[in-house]
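Understanding the architecture of this molecule
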Amino acid sequence: MHVVYPAVVAALLFSIGVYGVLARRNTILVLMSVELMLNAVNLNLVTFDVWLRDQLHGGQVLTLFVIVIAAAEVGIGLAIVLAVFRNRQSIDLDRLRDLFEPPNSSDPDGSQPAATKVTTGVGPE
Amino acid sequence: MTPALWPPTAQEIVFLLLSVVAVGSALLVVTTRQLVHAALWLVACFGALAGCYLVLTAEFVAWVQVLIYVGAVVVLMLFGIMLTRAPIGRTADLDSGNRVVAALVALATAAVLVTVVIDGFRSAYTPLDPGTGSAKSLGGSIFRTWVLPFEALSILLLAALIGAIVISRTDIKGRE
Amino acid sequence: MTGYFGSYVVVAVLLGVGVAIFAGGLLANRLLRPDRPTAEKLTTYECGVDPVGEGWAQSQIRYYVFTYLYVVFAVDAVFLFPWATVFADPGFGLTTLVEMFVFLAFIALGILYAWRKRVLTWT
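Calculation rules
- Residues numbered from 1 in each chain as written.
- Chains lettered and ligands numbered in written order.
- Predicted model: local features only at pLDDT ≥ 70, side-chain atom pairs only at ≥ 80, totals over all residues.
- Helix = DSSP H or I, 4+ residues; strand = E, 2+ residues; numbered from the N terminus.
- Buried ≥ 20, exposed ≤ 12 C-beta atoms within 10 Å, placed from the backbone.
- Rg over C-alpha atoms; globule rule 2.2 N^0.38 Å.
- Contact = placed C-beta atoms within 7 Å.
- UniProt positions renumbered as here; feature names shortened; annotations may be inferred.
- Nonpolar A, V, L, I, M, F, W, Y, C, P; charged D, E, K, R; others polar.
- Axes fitted to C-alpha atoms, helices over the stretch in contact; angles between N-to-C directions.
- Parallel < 35°, antiparallel > 145°, perpendicular 65-115°, else oblique.
- Expected span 1.5 Å × (residues − 1).
- Arc of directions from axis to C-beta.

In terms of helices and strands, chain A carries four helices and zero strands. Along chain A, from the amino end to the carboxyl end, the secondary structure elements read α-α-α-α. Looking at chain A as a whole, 50% of its 125 residues qualify as buried.

Following this line, the structure appears as structure tokens:
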């Protein structure tokens, strides 16, 4: 087995995950894309474990640990998504903009102190 | 002595077919218009990746992948979809406005990673000897070398479980 | 058909045979059956009564905790397999046994928490 094949597949999977994280609006789809990226990393870990013939099986054991951490991450992530849905009735990432800072038209370069910015800043809508 | 890239061995052909399935269904996960279909394509992608692990002789990791990802994580995702009253059927608003920028960033990432990886591992070759990925050999190294991370994982799982309960069940009050 | 790859080839062939039987049955069914759909035939069957509302209901959030408990214990079981193959071997023994039970005890703390918070009660 040439190491190039799994390495290229892992790179492609990771890029697809990057696209999903950036392009999707639904929070659950973003979590799915994160899982794709984690799987790309797992494929790399297994490949290099097999290639380097690690006596401690570091790569494969770390893959198991990454799978477990991914399970924990997705559980907490979905719990947070459900909490957001209960408060907002929406899990649309583009509408969760409470921390959005409106572009200050009078001062585009941001040379003013932050305190005045907060007082002069208007709401997003 | 590295064998030539062409012709591929039987294992490489099986691996390439499985990885085509994995990459194709991953693409469908990030492009499909139906939320439930995305979860089902995720199952296909993870299953094909488990097949890839089997070809790479990482037997135990492959079955853990089937058990945890296909069996548990996707079920959790489907629960999330059901609990958030997601629209069933085709919906147009699954993608945000920055699709083009996202595609550009992803293409740039893919170009950089694939170029570096091909350049770096062009001559790397490993014959596949089964046996190193069995449950017994992994168990030996987990319980001899990697005991401390293993125990730390139990604390992580405990924290995640308690966190999920606290965040999702706000109707439970603390002691008065 | 011996060895690692040979035995998995057998598994793959069996999987293919299973899929072929399943798909073949569905395909034969599709070819043989009469197919004259009308609008009434395509509606959801609810014991002869006209269907009410949509077929998509929101689940209750308390089921989420049960699902997550399942995930945590699936993860837990994953480590029991390699443990079960090695703990009786020379060089492991009592220490490995204790390590596993420390792991299990931490996760049991989680289920104890869930039980004390009355998450597990069916209301």
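What follows is about the overall build of chain B. Along its length, chain B carries six helices and zero strands. When its helices and strands are written in sequence order, chain B yields α-α-α-α-α-α. Here chain B has a C-alpha radius of gyration of 21 Å; the compact-globule value for 176 residues is 16 Å, and the former is much larger. Projecting the C-alpha coordinates of chain B onto the three principal axes gives extents of approximately 70 × 50 × 25 Å. Among the 176 residues that make up chain B, the fraction classed as buried is 38%. Once local pairs closer than 6 in sequence are excluded, the contacts in chain B between residues at least 24 apart make up 65%.

Turning next to the UniProt feature "transmembrane region" (unreviewed entry) in chain B. UniProt marks residues 13-31, 38-56, 62-88, 100-118 and 146-167 of chain B with the feature "transmembrane region" (unreviewed entry), using the numbering shown here. For the annotated span residues 100-118 of chain B, helix accounts for 100% and strand for 0% of the residues, and the straight-line distance between the end C-alpha atoms is 27 Å.

Listed by partner, the interface residues are 73 residues for chain B and 61 residues for chain A. For the side of chain B that touches chain A, the leading source of residues is helix α3 (residues 59-83) of chain B, giving 12 residues. Taken together, the residues of the side of chain B that touches chain A break down into 52 nonpolar, 16 polar and five charged.

Here the focus is the interface of chain C and chain A. Contacts between the two partners involve five residues from chain C and, on the opposite side, four residues from chain A. Residue classes in the side of chain C that touches chain A are distributed as five nonpolar, no polar and no charged.

Even without being glycine, A:Gln89 reaches a positive phi, approximately 60 degrees. Position of A:Gln89 among the secondary structure elements: in the loop between α3 (58-88) and α4 (114-120). In this structure, C:Arg118 is a non-glycine residue whose phi angle is positive, near 60 degrees. Since 10 C-beta atoms lie within 10 Å of it, C:Arg118 is described here as exposed.

As a further point, take the environment of B:Val74. Residues and elements named next belong to chain B. With respect to the helices and strands, the residue Val74 is situated in helix α3. On a C-alpha basis, the gap between Val74 and Ser25 in space is 14 Å, while along the polypeptide they are 49 residues apart. With sequence-adjacent residues up to four places away left out, Val74 is seen in contact with Ala39, Leu42, Val43 and Tyr69.

All names here are of chain A. Taken from the UniProt record, the annotation "transmembrane region" (unreviewed entry) applies to residues 6-22, 29-52 and 64-85. Counted over residues 6-22, helix gives 100% and strand 0%. Its end C-alpha atoms are 24 Å apart. Structurally, residues 29-52 comprises 100% helix and 0% strand, and the distance from its first C-alpha atom to its last is 35 Å.

Looking now at the packing of helix α6 (residues 147-168) of chain B against helix α4 (residues 94-116) of chain C. Axis separation between α6(B) and α4(C) bottoms out at 9 Å; the angle between their running directions is 5 degrees. The orientation of α6(B) relative to α4(C) falls into the category roughly parallel. The segment α6(B) lies against α4(C), with B:Val147, B:Phe150, B:Glu151, B:Ser154, B:Ile155, B:Leu157, B:Leu158, B:Leu161, B:Ile162 and B:Ile165 engaging C:Glu99, C:Val102, C:Phe103, C:Phe106, C:Ile107, C:Leu109, C:Gly110, C:Tyr113 and C:Ala114.

This brings us to the packing of α3(A) against α3(B). Running from N to C, α3(A) and α3(B) point in directions that differ by 5 degrees, and their axes come no closer than 10 Å. Taken as axis vectors, α3(A) and α3(B) run roughly parallel relative to one another. Contact residues: A:Gln60, A:Thr63, A:Leu64, A:Ile67, A:Ala70, A:Ala71, A:Val74, A:Gly75, A:Leu78, A:Val81 and A:Leu82 in α3(A); B:Val61, B:Val64, B:Gln65, B:Ile68, B:Tyr69, B:Ala72, B:Val73, B:Leu76, B:Gly80 and B:Leu83 in α3(B). Broken down by class, the residue content of the contact of α3(A) with α3(B) amounts to 16 nonpolar, five polar and no charged.

Attention now moves to helix α1 (residues 10-31) of chain B. The terminal C-alpha atoms of α1(B) lie 32 Å apart, and with 22 residues this matches the ideal 32 Å at 1.5 Å per residue to within 8%. Every buried residue belonging to α1(B) is among B:Phe15, B:Leu18, B:Ser19, B:Ala22, B:Ser25, B:Ala26, B:Val29 and B:Val30, and all of these are buried. Taken down its axis, α1(B) places every buried residue within 140 degrees of arc, on the same side. In α1(B), the exposed positions that point more than 90 degrees away from the buried face belong to B:Ala10, B:Ile13 and B:Val20. The elements touched by buried residues of α1(B) are α1 (4-23) and α2 (27-52) of chain A together with α2 (35-55) of chain B.

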